[in-house]
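Commentary on secondary and tertiary structure
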Number of protein chains: 2
Amino acid sequence: MSVSMQFNHKRLQSDFNALATIGATAEGGVNRPALSPAHLEARAWYAAQVKQAGLALQIDGAGNHSALLRSPNPSAPTLLLGSHLDSVPEGGRYDGALGVVAALEVLRSIQEAGLNLPVHLEAIDFTDEEGTLVGFIGSGALAGTLTPGDLQNPRGGREALLAGLTRAGLTEDGLFTARRDPATLAGYLELHIEQGPWLYDSGVDIGVVSGIVGIASFRLAFSGRANHAGTTPMAARRDAGLGAAAFILAARQLVLDNFPGCVANVGALRLEPGAFNIIPGRAELALECRAVDPAELDRLQTSLLERAQREAESFGLGLEVSALGQHAPAPMSQLAQQAIQEAAAELGLSSQSMPSGAGHDAQNLAPLCPTGMVFIPSVDGISHSPHETSRWDDCINGANVLLGAALRLAGSSDCA
Amino acid sequence: MSVSMQFNHKRLQSDFNALATIGATAEGGVNRPALSPAHLEARAWYAAQVKQAGLALQIDGAGNHSALLRSPNPSAPTLLLGSHLDSVPEGGRYDGALGVVAALEVLRSIQEAGLNLPVHLEAIDFTDEEGTLVGFIGSGALAGTLTPGDLQNPRGGREALLAGLTRAGLTEDGLFTARRDPATLAGYLELHIEQGPWLYDSGVDIGVVSGIVGIASFRLAFSGRANHAGTTPMAARRDAGLGAAAFILAARQLVLDNFPGCVANVGALRLEPGAFNIIPGRAELALECRAVDPAELDRLQTSLLERAQREAESFGLGLEVSALGQHAPAPMSQLAQQAIQEAAAELGLSSQSMPSGAGHDAQNLAPLCPTGMVFIPSVDGISHSPHETSRWDDCINGANVLLGAALRLAGSSDCA
């Protein structure tokens, strides 16, 4: 079979632009947190595109939205292509969305070419990739790694999760029905922006992801004593904000000094009760850390939590730590990496093997079936921001590599 | 006239307890931010008590609620007694509420004793003492120091202010109609808890306030660049949270080292966009500082803002500073201080002159008429907290001193 087929660039761009208007922000990004009204609107738009293309639409119990292009062989395994339509709060237009519209375009192109494949093709939009609610609800449910316990103390809070599920017409029990038998899966390929500066700075067209970084996230609460900010002498205060502030600075220094290549982030912080004239009695923060090596991830989180405890003690504060889940580092399959590298080479594009510093749904699929990711350059490495952008030529390159890699993986589907 | 009259302790306690149920929190405090539904419920309760006591009810354009006991002389000046029924978020039961119920009880006692005074007596509940919205809306409007500009960028945000005014049936223009001619005022006396540890620790019954601390408040916004928390190397980040954290620690150290007796507080902080996996692009914090001496207050705020600028620069961040108003230090009148001291002595109570580290409506009245404040001990100095408490015997002492001082000041009303 020929693998040099290319697709309808204009239709891809038109889809991408249409999607960027849903949840659009004044700053030029999108605000589509998982299961928010804007996210559900994007999903409704996707469902309409799928039907308009004459493809079958499938929505599973976890809310994952899929377009299906069936193989003539009914018992063929399924090759998944996809990404996600949700965004971080005030995020960018490319993260996730590009991978979904490219996957759909691959199915439409193959359908229009009248190609019969030995695999079913499925272009899937996964639920809650960004973790606004739980993190990887859709791919975790599909892979069978999501547990009822994950839903009890989720990153976004239990109330937000329940409100989102209700809004989307989903139920907690229903999520678990999305699980697939790995024997039915031929593989998973995902096109995504790099979200870092490496490809853009080095001028390489395509990143062939070798593995996905592991992530551990925590909620830390420093507790002191709320009191009057005018009448309580400075030295007599138990100000919870001081512990949080000292930890934020110390965490950065600790990673810089002892964990090269790793990262840590305090992305949210709330002081309570939160008034000008009240000393904060409680400071609650959101901590996340990442490492490619499993043992280093363990050492990193242990060091960070020890430091938090020490800072709390130094200001006479209490500390509560809630572990909010951990994603182990996930290597990509050799077969998928090879398919991506070959597809890039055939298109005359330069490529380079590289790890992913960001988590992706691919990490949940990797243990089940041959899984790979295609990265394209992010301008200035900016992502999770309204200023996130990629050159349109790079987007087209990435989508063409996805198509080529999918055809290659489909051709070797008995590997599944 | 006899000044040894005392009042109905049980009725005072019953009023205090009834009021503590309005906006009551599970932790034992009250949550009655200015013009919130709970605050308006407390005001409705107060209005009902006033009418039930056969006193005249007066509500001015700033929402101040007053009970009036008129002198037989219609052209007599008015001696104000009062405090406030609003609370900080998740505040305590004593702050403000005690002064209002005590003022009402003074009026009822004098009315029941059939005493004719050469002044009108007014028990007033001032609007927004705690500054949840603007700060001192009620006493500022009455004194004529509130300006339309104060309403444009208020501490609590413009939207919250407009929502509160609407809820209370007030208008921006109407606020300014509450202004009083100083010639009509015989004085102002306020009973309040100390909100600090000094009286409680030293075993003194009554604090005679010599002056009220000056306060300056600011909103500081550190701006960096929101970016992906997994793919952006630590050293390449412009994390707005780092600037805020460094400033929180530096502000405390600066006050401890260079401004003994002064205080500074960062009571609120928000990281934006506020997700686990996004580097904060913006960190907005609420800063307040206080000093008894006007020149020292100037030096303190200048030093704090310089430090904020330096911390922003050291992390490659921008800084925006919004000044949210300043209250100059306010000395109390000698006449009022003497009346309070004599009333305490006649009751056999120990008293001590002391400054107030907290702001109070009295600071707005001080330039207009003889103004004084009666402090009673706060257990462990705790205030602006659900754990705020005062011994009930101290509350009765304070109310009796308020009564005695009011009768003294009324007797010398031609001073006004």
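Structural data are supplied above this passage.
What comes next is a walk through the structure. Being a predicted model, the structure only gives us computed values, none of them experimental.

1. Some thoughts on the interface of chain B and chain A
Each side of the interface is counted separately: chain B has 64 residues, and chain A has 64 residues. Taken over both partners, the interface formed by chain B and chain A buries close to 5,100 Å², and the fraction arising from carbon and sulfur atoms is 64%. Our enumeration of links across chain B and chain A arrives at 0 salt bridges. Run the count over chain B and chain A and you get 18 residue pairs in polar contact (both at pLDDT 80 or more). Where the side of chain B that touches chain A is concerned, the elements lending two or more residues are β7 (214-223), β8 (227-228), α8 (240-258), β9 (263-272), β10 (278-279) and β11 (282-291) of chain B.

2. Thoughts on helix α10 (residues 334-346) of chain A
Residues and elements named next belong to chain A. Between its first and last C-alpha, α10 extends 18 Å over 13 residues, near the 18 Å set by a 1.5 Å rise per residue. If you check which residues of α10 are buried, you get Ala336, Gln337, Ala339, Ile340, Ala343 and Ala344. Down the axis of α10, the buried set is contained in an arc of 160°. They therefore lie on one face. Summarising the contacts, the buried residues of α10 are in contact with β5 (185-193), β6 (206-212), β14 (351-356), β15 (371-376) and α12 (392-411).

3. Details of the pattern of salt bridges
Residue and element names in this part refer to chain A. Under the definition given, this model contains 34 salt bridges over all chains. Between Glu288 and Arg290 there is a salt bridge, and its shortest N-O distance comes to 2.7 Å. On the accessibility criterion, Arg290 (3% relative accessible area) is buried.

4. Side note on helix α9 (residues 294-314) of chain B
Residue and element names in this part refer to chain B. Across its 21 residues, α9 extends 31 Å between first and last C-alpha, which sits within 8% of the 30 Å expected from 1.5 Å per residue. Regarding α9, the residues found buried are Glu296, Leu297, Leu300, Gln301, Leu304, Ala308, Glu311 and Ala312. In an axial view of α9, the angular spread of the buried residues amounts to 140°, which keeps them on one side of the axis. Exposed residues pointing more than 90 degrees away from the buried face of α9 are listed as Glu313 and Ser314. Packing partners of the buried residues in α9 comprise β7, α8, β9, β11 and β12 (318-327). In this structure Asp293 caps α9, since a side-chain oxygen of it lies 3.1 Å from the backbone nitrogen of Ala295.

5. Remarks on the pairing of β9 of chain B
All names here are of chain B. Burial within β9 is extensive, with 8 of its 10 residues counted as buried. Relative to β11, β9 runs antiparallel, the two being bridged by 9 bridges. Note on β11: the bridge partner recorded for Leu271 is Ala283.

6. Brief notes about the packing of helix α1 (residues 9-20) of chain B against helix α2 (residues 37-52) of chain B
Residue and element names in this part refer to chain B. The geometry of α1 relative to α2 is characterised by a closest axis approach of 10 Å and an angle of 155° between their N-to-C directions. On the basis of their axis angle, the class for α1 and α2 is roughly antiparallel. Once α1 is placed against α2, the crossing between them reads as right-handed. Across the interface between the two elements, Asp15, Ala18 and Leu19 of α1 pack against Ala42, Trp45 and Gln49 of α2. For the contact of α1 with α2, the residue count by class is 4 nonpolar, 1 polar and 1 charged.

7. Topic: the relation of the copies chain B and chain A
Of the two same-sequence chains, chain B is brought onto chain A (RMSD 0.1 Å, axial shift 0.1 Å) by a rotation of 180°. Within this description, the copies of the chain are treated as partners about a two-fold rotation axis. Scanning chain B for the C-alpha nearest the rotation axis identifies Ala245 of chain B, at a separation of 2.1 Å. Most of the interface of chain B is mirrored in chain A: 100% of its interface residues are interface residues there too.

8. Points about the side chain of Asn277 of chain B
Tracing the chain through its elements places Asn277 of chain B in the loop between β9 and β10. A polar side-chain atom of Asn277 of chain B sits 3.1 Å from the main-chain carbonyl oxygen of Glu130 of chain A.

9. Focus: unusual backbone geometry
Cis geometry is adopted by the peptide bond preceding Pro273 of chain A, which originates at Glu272 of chain A and carries an omega value of 5°. Relative to the elements of secondary structure, Pro273 of chain A occurs in the loop between β9 (263-272) and β10 (278-279). One non-glycine residue, Glu90 of chain A, lies in the positive phi region at around 55°. Mapped onto the fold, Glu90 of chain A is located in the loop between β3 (78-84) and α3 (97-112). Note on Glu90 of chain A: relative accessible area 31%, which makes it partly exposed. Here the phi dihedral of Gln195 of chain B falls at roughly 70°; this positive angle occurs in a residue that is not glycine. With respect to the element layout, Gln195 of chain B can be found in the loop between β5 (185-193) and α7 (198-202).

10. So, the packing of aromatic side chains
A ring pair, where both rings are aromatic, is described by two values, the distance of the centres and the angle of the planes. All names here are of chain A. Tallying each qualifying case throughout the model produces 8 aromatic pairs over all chains. With a centroid separation of 4.8 Å and 40° between ring planes, the pair formed by Phe16 and Tyr94 is classed as tilted. Of this pair, Phe16 sits in helix α1 (residues 9-20) while Tyr94 sits in the loop between β3 and α3, and the two are 78 residues apart along the sequence. Of the two residues examined, Phe16 and Tyr94, each falls in the buried class. With 5.7 Å between their ring centres and 70° between their planes, Phe126 and Tyr188 make a pair best called edge-to-face. Taken together, the positions of Phe126 in strand β4 (residues 120-126) and Tyr188 in strand β5 put the pair 62 residues apart, joining distant regions of the chain. The same class applies to Phe126 as to Tyr188, namely buried. By way of ring pairs, the aromatic residues Phe16, Tyr94 and Trp392 are connected into one cluster.

11. Here's the deal with the nonpolar core
Counting 70 residues, the largest nonpolar core has Phe222 and Phe247 of chain A together with Phe222 and Phe247 of chain B as the members making the most contacts within it. Residues contacting Phe247 of chain A, with those up to four places away along its chain left out, are Leu220, Phe222, Val266, Leu285, Leu287, Leu304, Arg307, Ala308 and Glu311 of chain A. If you look at the next biggest cluster of nonpolar residues, it comprises 58 residues, including Leu85, Val208, Val401 and Ala406 of chain B.

Calculation criteria
- Residues numbered from 1 in each chain as written.
- Chains lettered and ligands numbered in written order.
- Predicted model: local features only at pLDDT ≥ 70, side-chain atom pairs only at ≥ 80, totals over all residues.
- Heavy atoms only, no water.
- Contact = heavy atoms within 4.5 Å.
- Buried area = accessible area lost by both parts, 1.4 Å probe.
- Salt bridge = Lys/Arg side-chain N within 4 Å of Asp/Glu carboxyl O.
- Polar contact = N/O pair within 3.5 Å; in protein donor to acceptor, adjacent residues only side chain to side chain.
- Helix = DSSP H or I, 4+ residues; strand = E, 2+ residues; numbered from the N terminus.
- Expected span 1.5 Å × (residues − 1).
- Buried < 20%, exposed > 50% of the residue type's maximum accessible area, 1.4 Å probe, protein only.
- Arc of directions from axis to C-beta.
- Pairing = 2+ DSSP bridges.
- Axes fitted to C-alpha atoms, helices over the stretch in contact; angles between N-to-C directions.
- Parallel < 35°, antiparallel > 145°, perpendicular 65-115°, else oblique.
- Left-handed = near helix turned anticlockwise from the far one by under 90°.
- Nonpolar A, V, L, I, M, F, W, Y, C, P; charged D, E, K, R; others polar.
- Least-squares fit on C-alpha atoms with pLDDT ≥ 70 in both.
- Phe/Tyr/Trp six-rings, centres within 6.5 Å; stacked < 30°, edge-to-face > 60°.
- Core = buried A, V, L, I, M, F, W, Y, C linked by side-chain atoms within 4.5 Å.

Interpretation in functional terms is not warranted from these geometric data alone.
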